[in-house]
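Remarks on the overall topology
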Amino acid sequence: MAQATLAITMPEQVWVQQVSTAHPEATIRVIAAVPGSESGFALIRIAGPDVPSVIEDMDTHPQITELTLAQWSENEATVHFETTAPLLLFSSRDSGMPIELPVEIQDGEAIVEATGSRDRLSELAEQLEFFGLQYRIEHIRERLHDSQLLSERQQEIVVAAVRQGYYDTPRQCSLTELADHLEIAKSTCSETLHRAEEGIIKEFVGDLPNVEEEPPEGVVATSSD
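The model shown is predicted, which means the values in this text are computed figures rather than measured ones.

Moving on: the overall build of the protein. Regarding its fold elements, the protein presents eight helices and nine strands. For the protein, buried positions account for 42% of its 225 residues. Long-range contacts, defined here as pairs at least 24 residues apart, represent 67% of the contacts in the protein between residues at least 6 apart. A total accessible area of about 12,600 Å² is found for the protein, and carbon and sulfur atoms account for 49% of it.

Take the nonpolar core next. Among the nonpolar cores identified, the biggest contains 42 residues, and Ile44 and Ile46 are the most heavily contacted of them. The contacts of Ile44, once residues within four sequence positions are left out, are Ile28, Arg29, Val30, Ile31, Met58, Ala77, Thr78, Val79 and Phe81. Membership of the second largest hydrophobic core comes to 15 residues, among which are Ala161, Tyr166, Leu175 and Leu178.

In this section: a nonpolar patch on the surface. A contiguous nonpolar surface patch, about 290 Å² in accessible area, is contributed by Ile201, Phe204 and Val205. Here Ile201 lies in helix 8 (residues 186–207).

With that settled, consider the pairing of strand 1 (residues 2–9). Here strand 1 lies mainly inside the structure; seven of its eight residues are buried. As paired elements, strand 1 and strand 7 (residues 109–116) share eight bridges and run antiparallel to each other. By the bridge assignment, Ile8 is partnered in strand 7 with Ala110.

The terminal C-alpha atoms of helix 6 (residues 152–164), which comprises 13 residues, lie 18 Å apart, in line with the 18 Å expected from a rise of 1.5 Å per residue. Looking only at helix 6, the buried set comprises Gln154, Ile157, Val158, Ala160 and Ala161. End-on, the buried residues of helix 6 take up no more than an arc of 160°, which puts them together on one face. Exposed side of helix 6, more than 90 degrees from the buried face: Glu152 and Arg163 are the residues found there. Just past helix 6, the residue Gly165 takes up positive phi, approximately 90°.

Here the structure, examined in full by the defined rule, presents four aromatic pairs. For the pair Phe90 and Phe131, a centre-to-centre distance of 6.1 Å together with 40° between the ring planes defines the contact as tilted. Within this pair, whereas Phe90 is found in helix 3 (residues 87–95), its partner Phe131 is found in the loop between helix 4 (118–130) and strand 8 (134–142), the two being separated by 41 residues in sequence. Given a relative accessible area of 18%, Phe131 falls into the buried group. Taken together, a centroid distance of 5.1 Å and an interplanar angle of 80° make the contact between Phe130 and Phe131 edge-to-face. Following the ring pairs from residue to residue traces out a cluster consisting of Phe90, Phe130 and Phe131.

We now examine helix 2 (residues 51–59). Residues of helix 2 that are buried: Val51, Val54, Ile55 and Met58. Taken end-on, helix 2 shows its buried residues confined to a sector of 95°, consistent with a single buried face. The secondary structure elements touched by the buried residues of helix 2 are helix 1 (15–22), strand 3 (40–47), strand 4 (64–72) and strand 5 (76–83).

Parameters and conventions
Residues numbered from 1 in each chain as written. Predicted model: local features only at pLDDT ≥ 70, side-chain atom pairs only at ≥ 80, totals over all residues. Heavy atoms only, no water. Helix = DSSP H or I, 4+ residues; strand = E, 2+ residues; numbered from the N terminus. Buried < 20%, exposed > 50% of the residue type's maximum accessible area, 1.4 Å probe, protein only. Contact = heavy atoms within 4.5 Å. Areas by Shrake-Rupley, 256 points an atom, 1.4 Å probe, with all protein chains shown as cover. Core = buried A, V, L, I, M, F, W, Y, C linked by side-chain atoms within 4.5 Å. Patch = residues over 30% accessible without salt bridge, like charges linked within 9 Å, V, L, I, M, F, W, Y side chains within 5 Å. Salt bridge = Lys/Arg side-chain N within 4 Å of Asp/Glu carboxyl O. Pairing = 2+ DSSP bridges. Expected span 1.5 Å × (residues − 1). Arc of directions from axis to C-beta. Phe/Tyr/Trp six-rings, centres within 6.5 Å; stacked < 30°, edge-to-face > 60°.

Structure representation (structure tokens):
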């Protein structure tokens, strides 16, 4: 399963692009959202130095058909609204690729995380392009459940190694002693540990934010009109 972080820019004619670029210091955080057949509904939290102006621009925008204040303070507000241009929601719905919330939008750019199969990720990319959204891939990696990272036998040996002090500094248990404790050959113990360590280290490196991975087939690193 692929997990991707995308930086997405909306078309200039869409309300969120216009409002967020008009107020670049404001942060719009989408905390709940659902698409309808021809519109979308969302709950957002707006934070910044001029929140009333952001809300006023939203309330008067023709693509916002309903707006209700749920919570209000000087520099923050929670707003429920309906829009006729929920392009991110439509892209997610039509591709079958869930977008993880919250989504943060600032100065015209949304940071989006999506997790699903590589085929679905490719379909999401196609839908973004279809709706005129520009994107670039910030990070992509394979997302494995912990139980999928190591085999049952590898987990057993790694756990024993930790408990016996094999990874302590200084080491409290030698490889020979660990193999004897597990009642397996030293060579088997060494090879199994090495394969487990390989999987753990590669997963760790894949989580690093500045380490890039090749995008899945059908997904390009950047997209523009």
